[in-house]
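Inside the fold
The chain contents come next:
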Amino acid sequence: KNEVEQSPQNLTAQEGEFITINCSYSVGISALHWLQQHPGGGIVSLFMLSSGKKKHGRLIATINIQEKHSSLHITASHPRDSAVYICAVRSRGATNKLIFGTGTLLAVQP
Amino acid sequence: DVKVTQSSRYLVKRTGEKVFLECVQDMDHENMFWYRQDPGLGLRLIYFSYDVKMKEKGDIPEGYSVSREKKERFSLILESASTNQTSMYLCASSLVGYQPQHFGDGTRLSIL
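In what follows, the accompanying structure is described. (Residues numbered from 1 in each chain as written. Chains lettered and ligands numbered in written order. Predicted model: local features only at pLDDT ≥ 70, side-chain atom pairs only at ≥ 80, totals over all residues. Heavy atoms only, no water.)

So, the side chain of Gln6(B)
Residue and element names in this part refer to chain B. With respect to the element layout, Gln-6 can be found in strand 1 (residues 4–6). Polar side-chain contacts of Gln-6 include one of 3.1 Å to the backbone nitrogen of Gly-106. Here Thr-107 takes part through its side chain, which lies 3.3 Å from a polar atom of the side chain of Gln-6. What Gln-6 contacts, discounting residues up to four positions off in sequence, is Glu-22, Trp-34, Tyr-89, Leu-90, Cys-91, Gly-104, Asp-105, Gly-106 and Thr-107. (Helix = DSSP H or I, 4+ residues; strand = E, 2+ residues; numbered from the N terminus. Polar contact = N/O pair within 3.5 Å; in protein donor to acceptor, adjacent residues only side chain to side chain. Contact = heavy atoms within 4.5 Å.)

Examining the interface of chain B and chain A
Taken residue by residue, the interface counts 23 residues in chain B and 18 residues in chain A. At the boundary of chain B with chain A, the tally comes to two residue pairs in polar contact (both at pLDDT 80 or more). If you list the elements that add at least two residues to the side of chain B that touches chain A, you get strand 4 (31–38), strand 5 (42–51), strand 6 (54–57) and strand 9 (87–94) of chain B. Its residues placed into classes, the side of chain B that touches chain A shows eleven nonpolar, eight polar and four charged. (Nonpolar A, V, L, I, M, F, W, Y, C, P; charged D, E, K, R; others polar.)

A look at the sheet that holds strand 3 (residues 19–25) of chain B
Strand pairing in a sheet takes place through backbone hydrogen bonds and is either antiparallel or parallel in direction. Residue and element names in this part refer to chain B. One open sheet accounts for four strands, arranged 1-3-8-7; its pairing is antiparallel. Both edges of this open sheet fall to strand 1 and strand 7 (64–70), since each of them pairs with a single strand only. The mean angle between the axes of side-by-side strands here comes to 20°, regardless of whether they run parallel or antiparallel. Relative to strand 3, strand 1 runs antiparallel, the two being bridged by three bridges. Within strand 3, the residue paired with Val-4 across the bridge is Gln-25. (Pairing = 2+ DSSP bridges. Axes fitted to C-alpha atoms, helices over the stretch in contact; angles between N-to-C directions.)

Some remarks on the nonpolar core
Residues and elements named next belong to chain A. By size, the foremost hydrophobic cluster in this structure holds 23 residues, and its most contacted members are Leu-32 and Trp-34. Of all the elements in the fold, those that place two or more residues in this core are strand 3 (19–25), strand 4 (29–37), strand 5 (43–49), strand 7 (59–64), strand 8 (69–74), strand 9 (83–91) and strand 11 (104–109). If sequence neighbours within four positions are ignored, Leu-32 has contacts with Cys-23, Tyr-25, Phe-47, Met-48, Leu-49, Ile-63, Ser-70, Cys-87, Ala-88 and Val-89. (Core = buried A, V, L, I, M, F, W, Y, C linked by side-chain atoms within 4.5 Å. Buried < 20%, exposed > 50% of the residue type's maximum accessible area, 1.4 Å probe, protein only.)

Some thoughts on the state of the cysteines
In total, this model carries two disulfides over all chains according to the counting rule given. For Cys23(A), the disulfide goes to Cys87(A), at an S-S distance of 2.0 Å. The S-S bond linking Cys23(A) to Cys87(A) shows a torsion near -65°; that makes this disulfide left-handed. Taken together, the residues span a long stretch of sequence, with Cys23(A) in strand 3 and Cys87(A) in strand 9 at a distance of 64 residues. The residues Cys23(A) and Cys87(A) share a single accessibility class, namely buried. The disulfide bridge from Cys23(B) ends at Cys91(B), spanning 1.9 Å between sulfur atoms. (Disulfide = S-S within 2.5 Å.)

As far as function goes, none of this settles anything; it's purely spatial.
Here is the structure:
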C-alpha cells in the first residue's frame, strides 16, 4: 500500500462545478503539499499545509492531522483547471524528502 | 521569480550511451533534487543534493549518478542508458528542507 493515496485517480467535471480531490496518508508528517502539473510537464506548488485551511483564489486546501487526510477543492471550475493534481507529504524527521501520491487527472469540460 | 531550467525538453538516446541531464536554478537554493515520473507510480526521488559536492541517494538511485560542482547546477548522469530508463525526468530545488520545491519543466527521455 502506498504511503500517500489520492482519490479519485481520474475526474471529469463540467465547467462551473465544485470539485474535491482527496489525499490520505499513513505516516506522521510535518507538512503536506498540493501541486499542479499541466500537460507538458511543469509542476507548480499550490499549497503547503501543516494544519487547518488555506485559500488562494478559487482553490481551497484543508487538512485534518488526526484523520491523516487532506482535500483540495476547486470552486467554479474552468477548463484551464484541467491538470494533474498531486499530493505530497513531508514525513517528520525527513525534512528534505517528499513522498508523492500518484496524482489525480482532472478534465473540466466547457 | 524562481526559475529552474532543464537543458532539454525532449531527448532521444541509444541503449548503452552515457546521458547527461542538466539542471540550473537561479535562486541560490541549497537543495536540489532529481525525480523520475512514470504513469501510475508518481514522482520518485533518484538523488538529491543539500550542498555543493554533497549528495544523498533517493529511492531509486540504481543506474544513475549525479554531480554538483557549483551551487546552481545539478547534473543527472545515466552511466549506460537502458530502455527501462525511458521516462520523464524532473529537477527541483528548494531553499531549505521544509520550504516548497520549485520544479523545472521536465525532460522526456526516450532510450531506444
